[in-house]
Amino acid sequence: MGERDGTLVGRVAVVTGAGRGIGAAVARALAREGARVVVNDVGAALDGTGVDAGPADAVAAEIRAAGGEAVAHYGSVADHEDARRLIETAVSHFGGLDVLVNVAGILRDRMIMNLEPEDWRAVLAVHLDGTYNTTHFAARYWREHRGGRYRLINFTSSSGLFGAPGQPNYAAAKMGIVGFTYSCARALARYGVTANAVAPSADTRMIDSIPAERRRSVPGPDRSPEHVATLVAYLAGPRSGWLNGRVMGARGPEYTLYSNPEPVRVLRGREPWDVQDLGEELHQTFGPAVDGSPLFAPPPGEMDGGQ
Ligand SMILES: NC(=O)c1ccc[n+]([C@@H]2O[C@H](COP(=O)([O-])OP(=O)(O)OC[C@H]3O[C@@H](n4cnc5c(N)ncnc54)[C@H](O)[C@@H]3O)[C@@H](O)[C@H]2O)c1
């Protein structure tokens, strides 16, 4: 633990997807700061198939070997009952739950034309159902034991925030997690819970799966998951309560606060609009606000509103 006391001494954390990548770095960082950690990982391949107790076991053993406290859990977050048992493991093993970090994730990238229902559902099941499943049981515990400084930390992605064209399932799940986080931030504050989302960028097997030509070039060499874990370790602590309902980016030693959605233009009428009049007014009033967005440029020749 070094020369200072850890910032998370006395706290209990559940980290999902903690057998590899960012989740493993988060579990290690929380334990280094003194938290007792439930290391959850089903041990799946990148596409969500298969199970393996090895990754969760290895991370839990590594934490214990370094003098920390950890227990492994191999359930799937996509399974409601597994999620119940996961939260119960924290309570029965370590006497409570202060922090839930929902990291578990898979990828099945396809363009929308080629995306089959199975690949749509599998990705939503792990990311969106998984985040709901664990949070549902954690929130029940927190409501029953209200008054702590509880922390819910969910994982979203720039793929959702900016709309990655080859990841419609993943983008939908990750933006669903943002809405879910906003809802929890408002619903659970009364029980002492803050809820925030992190959009990471780190070198893991997930990033390795993206063809090199599609990866956005990133200045600076260090995209270690440890930097993401440092932000999560702060958010997990008792001093981060001023942050609630926020989305933050983490890429290398650089952190970003994203804006929450807010209206940028309003067009008010006094009576029902005629379709053509409305179109002209919308183009005039909203046009300057959408003009020049490089991400969501309209199809060629459409920017002038049909004039
Ligand atoms: N790596 C990045 O740059 C990046 C970018 C944006 C978002 N993310 C998000 O960060 C999170 C971690 O990603 P990563 O890069 O570390 O991926 P990773 O593949 O290295 O690790 C994900 C872990 O989740 C586990 N997992 C999968 N399905 C599970 C389930 N049903 N139950 C429990 N565990 C399960 C896997 O076994 C794996 O160990 C994911 O939510 C991902 O979407 C990562």
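Values in this document were obtained by computation on a predicted structure and should not be read as measured data.

The terminal C-alpha atoms of helix 3 (residues 80–94), which comprises 15 residues, lie 21 Å apart, in line with the 21 Å expected from a rise of 1.5 Å per residue. Of all the positions in helix 3, only Ala83, Leu86, Ile87, Ala90 and Phe94 are classed as buried. Packing partners of the buried residues in helix 3 comprise strand 1 (12–15), strand 2 (36–40), strand 3 (69–73) and helix 4 (117–144). Looking one or two residues beyond helix 3, the residue adopting positive phi is Gly95, at roughly 85°.

Glancing now at the sheet that holds strand 4 (residues 99–102). Two modes of strand pairing occur in sheets, parallel and antiparallel, and in both the strands are linked by backbone hydrogen bonds. Pairing is mixed in the open sheet, where 8 strands are placed in the order 3-2-1-4-5-6-7-8. Edge positions in the sheet fall to strand 3 and strand 8 (254–257), since each has one partner strand and no second. The mean inter-strand angle of the sheet, taken between neighbouring strand axes irrespective of direction, is 20°. In the sheet, strand 2 pairs with strand 3 via 5 bridges, with the strands oriented parallel. By the bridge assignment for strand 3, Val39 is matched with Ala72. Its contacts with the sheet put helix 2 (residues 54–65) on strand 2 and strand 3, and the angle it makes with strand 3 is roughly 170°. Against the sheet, helix 8 (residues 225–235) engages strand 4, strand 5 (150–155), strand 6 (193–201), strand 7 (247–251) and strand 8, with an angle of about 175° to strand 6.

What counts and what doesn't
Residues numbered from 1 in each chain as written. Predicted model: local features only at pLDDT ≥ 70, side-chain atom pairs only at ≥ 80, totals over all residues. Helix = DSSP H or I, 4+ residues; strand = E, 2+ residues; numbered from the N terminus. Expected span 1.5 Å × (residues − 1). Buried ≥ 20, exposed ≤ 12 C-beta atoms within 10 Å, placed from the backbone. Contact = placed C-beta atoms within 7 Å. Pairing = 2+ DSSP bridges. Axes fitted to C-alpha atoms, helices over the stretch in contact; angles between N-to-C directions.

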